[in-house]
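Analysis of the macromolecular model
Here's the letter readout for the chains.
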Amino acid sequence: MSQTDVLVIGGTSDARAICQQLDAAQVSYTLSVATPTGEQLAGTLRGAVRCGRLDWDEMVAWLKSGQTRWVIDASHPYAEVVSRNIQRACEQAGVLLSRYQRPEQLAGLTHPLLHYVHSIGEACEVARPLGDRILLTTGSKDLAAWRAGLPEKVLMARVLPVAEVMTQCAELGFGVGEIFALCGPFSAEFNAAFYRQCRADVVITKASGAEGGYQEKVQPCLDAGIPCIVIARPAPAVAGDELLESQQAFSQRLARWLAAQ
């Protein structure tokens, strides 16, 4: 098999675990990541690593030129635009697509302090009456939207310690006391102390699963009496047998793919 028979997309721990399964099965593949951070996460994987974002046209060209036969979308659960582009590109190129969707945590949890929303706009509406100091643990991609939606609030951003992210925060008006550059996931004990230290009135997060330390973010909020707003995951672009919701499910799908070769 050529290196582009299988294309894994995503700079996540999920993508790395999938690639490790492909290594164990001696399958050649390319891992496509968007950023140098994702490239670093690849570490000692045997597959080729491609770094840089692909738009729809570039993705179609890549799939066709490399004669890719199977794409595994292991991008972040909230990378909705990326997943939609991957789906459209695979349809255009006639390539099999599987979506790895990491398992959710605390899916049925209800609590008076726990607020589920479906968008940044809805989260801003819920957050507005709850307090002045709002801690964002939703990543750096949407900081401009948070700034626009909550201009009257003190916004604190917990983001990756990456130079371009620091620049982005500064350009959006985040001061030195409002930027917390840390690489998670973190323990519940760490988060409890962190919430106290930054004096958060409200915490906004995403249902990022165990890999994103979701439970460890939420439970300390509830224990400390801090409202927690959770942005729900977008619906996956792939359904049925090609929606894989555990590493075991991927292992079984890989076995079927290998048997068909």
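This text goes with the structure placed above it.
Figured I'd write up the structure that's included with this text. Model, not experiment: these values are computed from the prediction.

Some details on the pattern of salt bridges
- Per the counting criterion, the structure on display carries 9 salt bridges.
- Across the salt bridge formed by arginine 69 and aspartate 5, the nearest N and O atoms sit 3.3 Å from each other. A residue pair is termed long-range when its members are at least 10 positions apart, and arginine 69 in the loop between helix H3 (56-65) and strand S4 (70-73) and aspartate 5 in the segment before strand S1 (6-9) qualify at 64 residues.
- Of the residues examined, arginine 69 reaches a relative accessible area of 35% and is grouped as partly exposed.
- When its relative accessible area of 8% is taken as the criterion, aspartate 5 is described as buried.
- The residue lysine 141 makes a salt bridge to aspartate 142 at a minimum N-O spacing of 3.4 Å.

Let's talk about the side chain of arginine 147
- Relative to the helices and strands, arginine 147 resides in helix H6 (residues 143-149).
- In this structure arginine 147 is buried but unpaired, with glutamate 178 as the nearest side chain of opposite charge at 4.4 Å.
- Polar side-chain contacts of arginine 147 include one of 3.0 Å to the backbone oxygen of leucine 172.
- Contact partners of arginine 147, with chain neighbours within four places excluded, come to Lys153, Leu155, Leu172, Gly173, Phe174 and Glu178.

Here's the deal with helix H8 (residues 188-198)
- By the burial criterion, the buried members of H8 are Asn191, Phe194, Tyr195 and Cys198. Down the axis of H8, the buried set is contained in an arc of 100 degrees. They therefore lie on one face. In H8, those exposed residues whose orientation departs by more than 90 degrees from the buried face are Glu189, Arg196 and Gln197.
- Residues of H8 that are buried in the fold lie against strand S7 (133-136), strand S8 (154-159), strand S9 (179-181), strand S10 (202-206) and helix H9 (214-224).
- Of the residues trailing H8, arginine 199 is marked for its positive phi of about 55 degrees.

The rules behind each value
- Residues numbered from 1 in each chain as written.
- Predicted model: local features only at pLDDT ≥ 70, side-chain atom pairs only at ≥ 80, totals over all residues.
- Heavy atoms only, no water.
- Salt bridge = Lys/Arg side-chain N within 4 Å of Asp/Glu carboxyl O.
- Helix = DSSP H or I, 4+ residues; strand = E, 2+ residues; numbered from the N terminus.
- Buried < 20%, exposed > 50% of the residue type's maximum accessible area, 1.4 Å probe, protein only.
- Lys, Arg positive; Asp, Glu negative; His and termini not counted.
- Polar contact = N/O pair within 3.5 Å; in protein donor to acceptor, adjacent residues only side chain to side chain.
- Contact = heavy atoms within 4.5 Å.
- Arc of directions from axis to C-beta.

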